[in-house]
Amino acid sequence: MEQITDFVLLLLAQFAGGPGPRENNLIRFGLPAILWAVLLAVAWSRQRREELPREKLLVWGFGLALARELYMFGHVAWGFITGGEPGHPPLHLAEPLEHALTMAAVVMVAGAFIRYILDDEGIARRYIQVGLSITAVAFIGTWWWWYQITTANPDARFNRTGAGIISHLLVAVFAGAAIVLLSRKKGWLRNVVTVALGFFVVSGLLRLVNYMTGHQYDYIICPVCNSLHILAIPLLGYVYIREQSIEKQQAEEALEAYRDHLEDLVEERTTELTHTNEQLQVEVAEREQAEAKIAQRNTELAAQNAIAATISRSLELDLSLIHI
């Protein structure tokens, strides 16, 4: 059993990084970067086709998340290229900036789903404003302090400081607040988003446990937490893509229903026209019969008038002869 556990932890470390070879962190940041890039491309494409409030927020959220992964991938890669040489202040800010980008991305993505699921622009806007404000304050409050520490001690680890654990807890708090807000609604969409955000909450709590235990379980907790962070991305992607497929299916069903409705209207109108045409033909036939009767009556009247005229002339002739 112990060998199986060690194998699982080794497998996680290969993909999620943590204590061990630095090259493991290339996959840790490279794989999420690819996933975020795909989601960003989809959201950007949808935003260009039509104005969707949620898509605009997701473009920012996916973009910030991608920036975080690319920045850290570049940071790790730069360490290999330079041999891990100190003396590069921008790289000394990698950890505070990484956490700030993570917090901002979680806030924007969670805010986007709050906007869509709750359909409440006010709540989503306040959530994002508060989250980004706290993120900015946290970053400003730690970057100069961390720069001074790393300048004096390049081997210092941000995640082993109080500022580091606070940054992780803030991400957990933002994700937890979003879960509470989303609890107002029910459905598969809310459930999957809640699970994805729950990964960030669990990751923050595990890092707090790791900090309180003096990082004795780094080899277990770090790979698990990093794995939770990575797993949250395909879950959010699944929700996003599945939701679009459902919307497409609903649109197709609505179009099919409208097409059937039009066919029913055309059929109904055709039936009405056919019935009207039949009535018109009957009326035309009746009119023709009436005209024929009138013509016949006129002929009879003309004949009667001719006979009457002939008789009248005969009487006048007889009267004339009598007078003579």
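All figures in this text were calculated on a predicted structure; none of them were measured in a lab.

Colleague: It is not clear to me how the pattern of salt bridges should be interpreted in this structure. Could you clarify?
Modeller: Any two side chains of opposite charge can pair, on the condition that their charged atoms come close. Counted by the stated rule, this structure contains 8 salt bridges. Here Arg125 ties to Glu121 by a salt bridge, and the two come within 3.9 Å at their closest N and O atoms. Taken as a pair, Arg125 and Glu121 lie in helix 6 (residues 121–152) at a separation of 4 residues, close to a single helical turn. Using a relative accessible area of 41% as the deciding quantity, one classes Arg125 as partly exposed. Each of Arg28, Arg68, Glu69 and Glu98 takes part in salt bridges that share partners, so that together they form one network.

Colleague: Any chance you could explain unusual backbone geometry here in plain terms?
Modeller: With glycine set apart, most residues show a phi of negative sign, and most peptide bonds adopt trans. Here Asp119, not a glycine, exhibits a phi torsion of approximately 55°, which is positive. On the basis of relative accessibility, which here comes to 61%, the residue Asp119 falls in the exposed class. For His215, which is not a glycine, the phi torsion comes out positive at approximately 60°. Relative to the elements of secondary structure, His215 occurs in the loop between helix 8 (188–212) and helix 9 (218–323).

Colleague: Help me out: how do you make sense of the nonpolar core in this one?
Modeller: Membership of the largest hydrophobic core comes to 47 residues, with the highest contact counts inside it found for Phe62, Ile114 and Tyr127. For this core, the secondary structure elements donating two or more residues are helix 2 (24–49), helix 3 (53–82), helix 5 (94–118), helix 6, helix 7 (162–182), helix 8 and helix 9. Apart from residues lying up to four places away in sequence, Ile114 is in contact with Asp119, Ile123, Ala124, Tyr127, Ala178, Leu181 and Leu182.

Colleague: Please clarify how the packing of aromatic side chains should be interpreted in this entry.
Modeller: Each aromatic ring pair is specified by the distance between its two centres and by the angle formed by the two planes. Within the structure shown, the criterion is met by 6 aromatic pairs. Between the aromatic rings of Trp146 and Phe158, the centroid separation amounts to 5.2 Å while the plane-to-plane angle is 75°, which identifies the pairing as edge-to-face. Of this pair, Trp146 sits in helix 6 while Phe158 is found in the loop between helix 6 and helix 7, placing the two residues 12 residues apart along the sequence. Trp146 gets classed as buried once you look at its relative accessible area, which sits at 1%.

What counts and how
- Residues numbered from 1 in each chain as written.
- Predicted model: local features only at pLDDT ≥ 70, side-chain atom pairs only at ≥ 80, totals over all residues.
- Heavy atoms only, no water.
- Salt bridge = Lys/Arg side-chain N within 4 Å of Asp/Glu carboxyl O.
- Helix = DSSP H or I, 4+ residues; strand = E, 2+ residues; numbered from the N terminus.
- Buried < 20%, exposed > 50% of the residue type's maximum accessible area, 1.4 Å probe, protein only.
- Core = buried A, V, L, I, M, F, W, Y, C linked by side-chain atoms within 4.5 Å.
- Contact = heavy atoms within 4.5 Å.
- Phe/Tyr/Trp six-rings, centres within 6.5 Å; stacked < 30°, edge-to-face > 60°.

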